[in-house]
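A structural walkthrough
Here is how the chains run, residue by residue.
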Amino acid sequence: MKQHLTIILTLYIQLVFGQNKQAAEIIRDQSFSEAIKKAEKFIDSLRKKQDLPGISVCVGNKEKILWAEAFGYADLENKTPLSIYSKFRMGSVSKLLTSLAVGRLYQEGKLDPDAPVQQYVPAFPVKQYPITSRQLAGHLSGIRHYRKDDPLTIPKDYKSVWEGLSIFKEDTLLFKPGTQYEYSTYGYSLLSAVIEGAAHLSFLSYMQDSIFLPFGMTNTTADINDSIIPNRVRFYDHEGKKLVNAALVNNSYKWAGGGFLSTPYDLVYMIEGLLNHQVLQEKTLELLFTPQHLENGTSTNVGIAWRINTTKSGLTFIHHGGAIQGGRTFVLFYPESGYIFAITANIMDAPLNINEAMAVLGFFLHSRNTER
């Protein structure tokens, strides 16, 4: 009951805030006018060249949002233009949102990342080796990823996190946890059950009350199929050279690993909050952003969900992408300078990756050095 009330309250807040925000369909910081012009041309030409229905993008730094703009359509059939508050499927960028829940529970002393998962989910079958939350979050657990025979082709509404675990919970581990890196969205399904056990709340209620609201993410919610969600985009795919509606899916089995809707604006605002320690403390960010290592000492370049890499010149950047039916999302930021980039599209095959993110941020970093 509380979960349903929380979701209803969330949708009401989104409707009210959305109506108030519609007057600001584009945000442009005049101090970066030249950078924005270059970025607009770059993004819109990318959209047209790749025949993408719509793209939304946002750039900010530790202090504020510098640019937010949307290009193309939320709904092709009705020619509904995108807004910077249009909600897109996050795909695996949902894992970054879940990482904040891990961080907050760790910060509050409610979750030990190195305790066996059965401490929080006693009913989860004991495997040959113990599995920890840290390993789940870093894809080191041995829990498998998708398989062709998974029951996902016919959309099913899983009524709880626990019910979603039925897809894989009886399977054996792929390897001894900590010895290999193997990307696993199902690992995040189990992690959401851990969060429920540590928080003593449903996963979606905890995310809304303890993550989205404190971080000011008023346009972020679960992609619940039968709910009326203001500003949710339509989802598309390419069939050859033709745009078609994306296949129907139900993401209730993987809220934590790929089931959220959000906006680039919210994602940049979230990272601003992290960099300014608004909710999570420095020691918690160290947990999230410190790369994990295999037993043999090899770095995975992955912390708690976040990917940590360096450029050839030694500049650290932190990032993650998500691809899902009808959606593509990518986020990247430079922790030293505090510049942040997020982009979404309502189609899975949009080429939005590290190169595109760095190209856009490059306009702003160059502008900062020459105009100001």
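Below is a short write-up of the structure. Because the structure is a prediction, the values reported are computed rather than measured.

Concerning the pairing of strand β2 (residues 54-60)
- Along β2, seven of the seven residues are buried, which leaves the element largely enclosed by surrounding structure.
- The side-chain alternation of β2 yields two buried faces, one formed by G54, S56, C58 and G60 and the other by I55, V57 and V59.
- Taken together, the seven bridges between β2 and strand β3 (residues 65-75) define a ladder with antiparallel strand orientation. What sits directly across from G60, in β3, is I65.
- The hairpin formed by β2 and β3 contains four residues between the paired strands.
- As judged from the six bridges shared by β2 and strand β13 (residues 339-345), these two strands associate in the antiparallel manner. Counterpart to V57 in the pairing with β13 is I343.

Concerning helix α2 (residues 33-49)
- In this model α2 runs 24 Å from its N-terminal to its C-terminal C-alpha over 17 residues, within 8% of the 24 Å that 1.5 Å per residue would give.
- All of the buried residues in α2 are A35, I36, A39, E40, I43, D44, L46 and R47. Take α2 and look down its axis: the buried residues cluster within an arc of 155°, on one side only. Exposed and oriented more than 90 degrees from the buried face of α2 are K37, K41, K48 and K49.
- Immediately beyond the C-terminal end of α2, within one or two residues, lies D51, with a positive phi of roughly 55°.

Let's talk about the packing of aromatic side chains
- Inspection of every chain in the model, using the stated rule, returns 15 aromatic pairs.
- On the numbers, 5.4 Å between centres and 90° between planes, the contact of Y146 with Y186 is edge-to-face. A residue pair is termed long-range when its members are at least 10 positions apart, and Y146 in the loop between α4 (133-137) and α5 (161-164) and Y186 in helix α6 (residues 185-199) qualify at 40 residues.
- Ring geometry for F168 against Y186: centres 5.0 Å apart, planes inclined by 15°, an arrangement best described as stacked. Of the two residues, F168 is situated in the loop between α5 and α6 and Y186 in helix α6; the sequence distance between them amounts to 18 residues.
- F168 sits in the buried class, given a relative accessible area of 3%.
- Each residue in the set Y146, Y158, F168, Y186 and Y253 is aromatic and connected to the rest through ring pairs, giving one cluster.
- Over the ring of Y73 we find K79; its NZ or CZ atom is 5.1 Å from the centre of that ring.
- Above the ring of Y188, the side-chain terminus of K95 is found at 5.6 Å from the ring centroid.

Quick look at the environment of E77
- Looking at where E77 falls in the secondary structure, it is placed in the loop between β3 and β4 (80-81).
- The spacing of E77 and R234 is 157 residues in sequence and 9.4 Å in space, taken between C-alpha atoms.
- Those residues within four positions of E77 in sequence are excluded, and the remaining contacts are R234, Y236 and N245.

Observations concerning the pairing of strand β10 (residues 307-310)
- Pairing of β10 with strand β11 (residues 316-324) involves four bridges; the strand directions are antiparallel. Bridge pairing links I308 to I318 in β11.
- The hairpin turn running from β10 into β11, its antiparallel successor, is five residues long, and G314 in that turn takes a positive phi close to 90°.

A closer look at the pattern of salt bridges
- Counted under the stated rule, the structure contains 21 salt bridges.
- Of the charged contacts in the structure, one is a salt bridge between R89 and D223, with a shortest N-O distance of 2.7 Å. A residue pair is termed long-range when its members are at least 10 positions apart, and R89 in strand β5 (residues 88-89) and D223 in the loop between β6 (221-222) and β7 (236-239) qualify at 134 residues. Pair check on accessibility: R89 and D223 agree, each one buried.
- Notably, a salt bridge pairs R232 with D223, separated by 2.7 Å at the nearest N-O pair.
- A single salt-bridge network, built from bridges that share partners, covers R144, R147, D149, D150 and D171.

Topic: the side chain of S133
- Counting through the fold element by element, S133 comes out in helix α4.
- Excluding its chain neighbours within four sequence positions, the residues that come into contact with S133 are L111, P113, A115, V117, L191 and V194.

Some details on the packing of helix α3 (residues 94-107) against α6
- Put simply, α3 and α6 touch, their axes get as near as 11 Å, and they point 35° apart. Along this stretch, α3 crosses α6, giving a crossing that reads as left-handed. Contacts between α3 and α6 involve K95, T98, A101, V102 and L105 from the first element and T185, Y188, L191, I195, A198 and A199 from the second.
- The class makeup of the residues in the contact of α3 with α6 is eight nonpolar, two polar and one charged.

Criteria and thresholds
- Residues numbered from 1 in each chain as written.
- Predicted model: local features only at pLDDT ≥ 70, side-chain atom pairs only at ≥ 80, totals over all residues.
- Heavy atoms only, no water.
- Buried < 20%, exposed > 50% of the residue type's maximum accessible area, 1.4 Å probe, protein only.
- Helix = DSSP H or I, 4+ residues; strand = E, 2+ residues; numbered from the N terminus.
- Pairing = 2+ DSSP bridges.
- Expected span 1.5 Å × (residues − 1).
- Arc of directions from axis to C-beta.
- Phe/Tyr/Trp six-rings, centres within 6.5 Å; stacked < 30°, edge-to-face > 60°.
- Lys NZ or Arg CZ within 6 Å of the ring centre and 35° of its normal.
- Contact = heavy atoms within 4.5 Å.
- Salt bridge = Lys/Arg side-chain N within 4 Å of Asp/Glu carboxyl O.
- Axes fitted to C-alpha atoms, helices over the stretch in contact; angles between N-to-C directions.
- Left-handed = near helix turned anticlockwise from the far one by under 90°.
- Nonpolar A, V, L, I, M, F, W, Y, C, P; charged D, E, K, R; others polar.

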